[in-house]
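Tertiary structure, described
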Amino acid sequence: MTGISAAFDEAVRRLRDGMTRGVLSFPLTSFRDDGSLDLDSYRSYLTDRLATAPGAVFPACGTGEFFSLDEDEYRAVIETTVEVADGRLPVVAGIGYGWAQALRFARIAEDAGADAALLLPHYLVTAPQDGLVEQVRRVAAGTRLPLIAYQRGQVTFSADGLRRIAEIPGVVGLKDGHSDLDRLQRLTLAAPEDFLFFNGAATAEIQARAYATVGVPAYSSAVHAFAPEIANAFFAALRDGDDAGVTKLLREFYIPLVELRDRVPGYAVSLVKAAARLRGLPVGPVRAPLTDPGPDDLADLEKVLDHGLSLVGAVRRPV
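This structure is a prediction, so every number in the text was calculated from the model and none was measured. (Residues numbered from 1 in each chain as written. Predicted model: local features only at pLDDT ≥ 70, side-chain atom pairs only at ≥ 80, totals over all residues. Heavy atoms only, no water.)

**A few points about the overall build of the chain**
Heads up, the rule is: In this description a helix means any DSSP run of H or I spanning at least four residues, a strand means any run of E spanning at least two, and both kinds are numbered starting from the N terminus. Using C-alpha atoms as the atom set, the radius of gyration is obtained and then compared with a globule rule of 2.2 Å times the number of residues to the power 0.38. Buried, partly exposed and exposed residues are distinguished by accessible area as a fraction of the type maximum, computed with a 1.4 Å probe on protein chains only: under 20%, between the cut-offs, and over 50%, respectively.
Counting secondary structure elements, the chain contains twelve helices and eight strands. A globule of 319 residues ought to have a C-alpha radius of gyration of about 20 Å, and the chain, at 18 Å, matches this closely. Its C-alpha atoms give the chain principal-axis dimensions of roughly 50 × 45 × 35 Å. Classification of the 319 residues of the chain by burial places 54% in the buried group.

**Structural notes on the packing of aromatic side chains**
Quick reminder of the rule: Each Phe, Tyr or Trp ring (for Trp, its six-membered ring) is paired with any other whose centre lies within 6.5 Å, and the angle between the two planes then decides the class: stacked below 30 degrees, edge-to-face above 60, tilted in between. For a lysine, the NZ atom is tested; for an arginine, the CZ atom; a charge sits over a ring if that atom is within 6 Å of the ring centre and within 35 degrees of the ring normal.
Summed over all chains, the structure comprises twelve aromatic pairs. Directly above the ring of Tyr 150 sits Lys 175, whose terminal nitrogen or CZ lies 4.2 Å from the centroid.

**A closer look at empty space enclosed by the protein**
Just so we agree on the cut-off: Using a 1 Å grid laid over the protein atoms alone, points where a 1.4 Å probe fits but cannot get out form a cavity; open sets with protein on both sides within 12 Å along at least 5 of 7 lines form a pocket; any residue with an atom within 4 Å of a point counts as lining. Grid points are joined across faces, edges and corners, and a volume is the space filled by probe spheres set on the points. Polarity classes work like this: nonpolar for Ala, Val, Leu, Ile, Met, Phe, Trp, Tyr, Cys and Pro, charged for Asp, Glu, Lys and Arg, and polar for all others, with Gly in that last group.
Going through the model one piece at a time under the given rule, you end up with one cavity of 30 Å³ or more. When its volume is computed, the largest cavity comes out at roughly 90 Å³. For the lining of the largest cavity, the secondary-structure elements that each account for two or more residues are helix H5 (129–141) and strand S5 (147–151). Looking at the lining of the largest cavity, the element that brings in the most residues is H5, giving three residues. Looking at the lining of the largest cavity residue by residue, the class counts come to nine nonpolar, two polar and no charged.

**Some remarks on the pattern of salt bridges**
As a reminder, the rule being used: The rule for a salt bridge is simple: a side-chain nitrogen of Lys or Arg has to be within 4 Å of a carboxyl oxygen of Asp or Glu.
Summed over the entire model, instances satisfying the criterion amount to 26 salt bridges. The partner of Arg 316 in a salt bridge is Asp 306, and the shortest N-O contact between them spans 2.6 Å. Residue Arg 316 is located in the segment after helix H12 (295–311), and its partner Asp 306 is located in helix H12; the two are separated by ten residues in the primary sequence. Residue Arg 316 is classed as buried on the basis of its relative accessible area, which comes to 16%.

**Some details on the packing of helix H2 (residues 39–50) against helix H3 (residues 71–85)**
The description of two helices packed together rests on the angle between their axes and the distance between the axes. What counts, and what does not: To define axes, lines are fitted to C-alpha atoms, for helices over the stretch in contact only, and angles between the resulting N-to-C directions are given on a 0 to 180 degree scale. Small angles under 35 degrees read as roughly parallel and large ones over 145 as roughly antiparallel, with 65 to 115 read as roughly perpendicular and the rest as oblique. By convention the crossing between two helices is left-handed if the near helix lies anticlockwise of the far one by an angle smaller than a right angle, and right-handed if it lies clockwise. Any two residues whose heavy atoms approach within 4.5 Å are treated as being in contact.
At a closest axis distance of 10 Å, the pairing of H2 and H3 adopts a crossing angle of 40 degrees. For the element pair H2 / H3, the angle class is oblique. By crossing handedness, the relation of H2 to H3 is classed as right-handed. Taking contact as the criterion, the partners of Leu 39, Tyr 42, Arg 43, Leu 46, Thr 47 and Leu 50 in H2 are, on H3, Ala 76, Val 77, Thr 80, Thr 81, Glu 83, Val 84 and Ala 85.

**Here's the deal with a nonpolar patch on the surface**
Filter applied, for reference: Here the term patch refers to residues with relative accessible area over 30% and no salt bridge, with like charges joined within 9 Å and nonpolar side chains (Val, Leu, Ile, Met, Phe, Trp, Tyr) within 5 Å. Under the convention used here, a 1.4 Å probe and the Shrake-Rupley method define accessible areas, while residue burial counts only the protein chains that appear.
Judged by side-chain polarity, Tyr 123, Leu 124 and Val 125 come together as a nonpolar surface patch covering roughly 350 Å² of accessible area. Mapping Leu 124 onto the fold places it in the loop between strand S4 (116–119) and H5. Residue class for Leu 124 comes out exposed when judged on its relative accessible area of 61%.

**What about the layout of surface pockets?**
If you roll a probe as big as a water molecule over the atoms, it shows you where there is empty space left. Each pocket or cavity is described by its volume, and for the largest pocket that value is around 910 Å³. No other element matches helix H11 (residues 267–278), which puts five residues into the lining of the largest pocket. Across the lining of the largest pocket, the residue classes tally to 24 nonpolar, eleven polar and three charged. A volume near 430 Å³ is recorded for the second largest pocket. In this structure, the second largest pocket is lined by 21 residues; those nearest its centre are Phe 197, Gly 215, Val 216, Pro 217 and Ala 218. Those elements that provide at least two residues to the lining of the second largest pocket are helix H1 (6–21), strand S7 (196–199), helix H8 (208–213) and helix H9 (228–239). By residue class, the composition of the lining of the second largest pocket is 14 nonpolar, three polar and four charged.

**Digging into the nonpolar core**
Definition in use: Take the buried Ala, Val, Leu, Ile, Met, Phe, Trp, Tyr and Cys residues and link them wherever side-chain atoms come within 4.5 Å; each set so joined is a nonpolar core.
Of all hydrophobic cores here, the largest spans 110 residues; its most connected members are Phe 58, Tyr 74 and Phe 226. Non-local contacts of Tyr 74, meaning those with residues more than four positions away in its chain, are made with Ala 60, Phe 66, Leu 69, Ala 93, Gly 94, Ile 95, Phe 105, Ile 108 and Ala 109.

**Structural notes on the pairing of strand S6 (residues 171–176)**
Rules: Here, a strand pair is defined by DSSP locating no fewer than two bridges between the strands. Here a crossover is taken to be right-handed if, once the strands point away from the viewer, the path from the first strand over the helix to the second is traced clockwise.
Burial runs high along S6: six of the six residues are buried. Where S5 meets S6, five bridges bridge the pair, whose relative direction is parallel. Bridge pairing in S6 places Ala 149 opposite Leu 174. In this fold, the crossover linking S5 to S6 by way of helix H6 (residues 159–166) has right-handed handedness. Handedness of the crossover is the feature at issue here: the chain leaves S6, passes through helix H7 (residues 181–190), returns alongside S7, and the resulting connection is right-handed.

Shown next as structure tokens:
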């Protein structure tokens with residue numbers, strides 16, 4: 001894939017390499033109890049995450065509560081991430097809303113030193129393929145960053161739509177959150193051979209084996225945000241063909257976690273943040289409209305987390 005500059009091509013090369021080396025990390029954003037952004041805590045938390053060798057880091061995306069950040073906060077989060085990453089791995093910044101607003105975030109991410117951008121689904125409305133393609137086209141035309149589109153919620157590309165966005169200069173990949181493997185197989189076959197795909201389903205490990213069968217082995221990991229020991233053990237088992245190890249982690253940790261996650265809307269983020277707090281990580285509460293788990297769910301989460309860590313020889317709190 002040849003892009004618009006040597007820096008562009010190098011960013012794509014590093015991202016492609018990272019997708020094969022480790023999980024894609026989507027860090028939480030740290031807030032104080034009053035809801036204000038806590039950059040010092042975020043820096044400490046992120047430093048700890050990046051020490052566990054993810055393949056790339058995606059700040060200010062869904063897990064990082066992009067939808068709750070204003071532009072100044074967003075800039076601070078991306079700048080801090082670039083500073084902590086220090087060139088060791090690609091930084092892919094979340095951008096989104098309508099194309100005009102997405103471009104404002106993209107330009108902030110460029111100025112902050114991000115390597116690429118992930119275009120989150122637009123706000124609220126459903127749209128035809130022509131509109132979805134035009135949304136991507138307008139964002140790609142306004143940024144020098146390699147752009148990955150994200151289909152989830154109201155955004156679903158057809159095979160023809162995928163071909164069209166793949167032809168747009170600057171568009172290098174697709175994150176899929178629909179888990180429709182029939183459709184996804186059609187998309188991978190419609191795309192150029194060097195187009196990047198990765199599994200962006202909620203708790204993506206649940207479907208990682210299935211995604212790999214249609215040519216999409218790379219995946220994002222929310223679990224890495226609070227238990228990189230488990231996330232990395234699962235990645236290694238999957239990579240090494242340890243089917244028994246994959247199945248054990250799915251059965252005894254990931255499935256119970258997902259069943260707990262599905263109890264309350266928004267737990268895909270707030271449960272992850274609660275698990276991080278259980279480990280003493282400085283991430284603080286979620287911002288409204290999300291809500292933190294209640295005592296009963298928190299007690300169940302503690303049991304699931306402790307058992308998951310025991311499966312990989314880890315403990316919940318530092319010793």
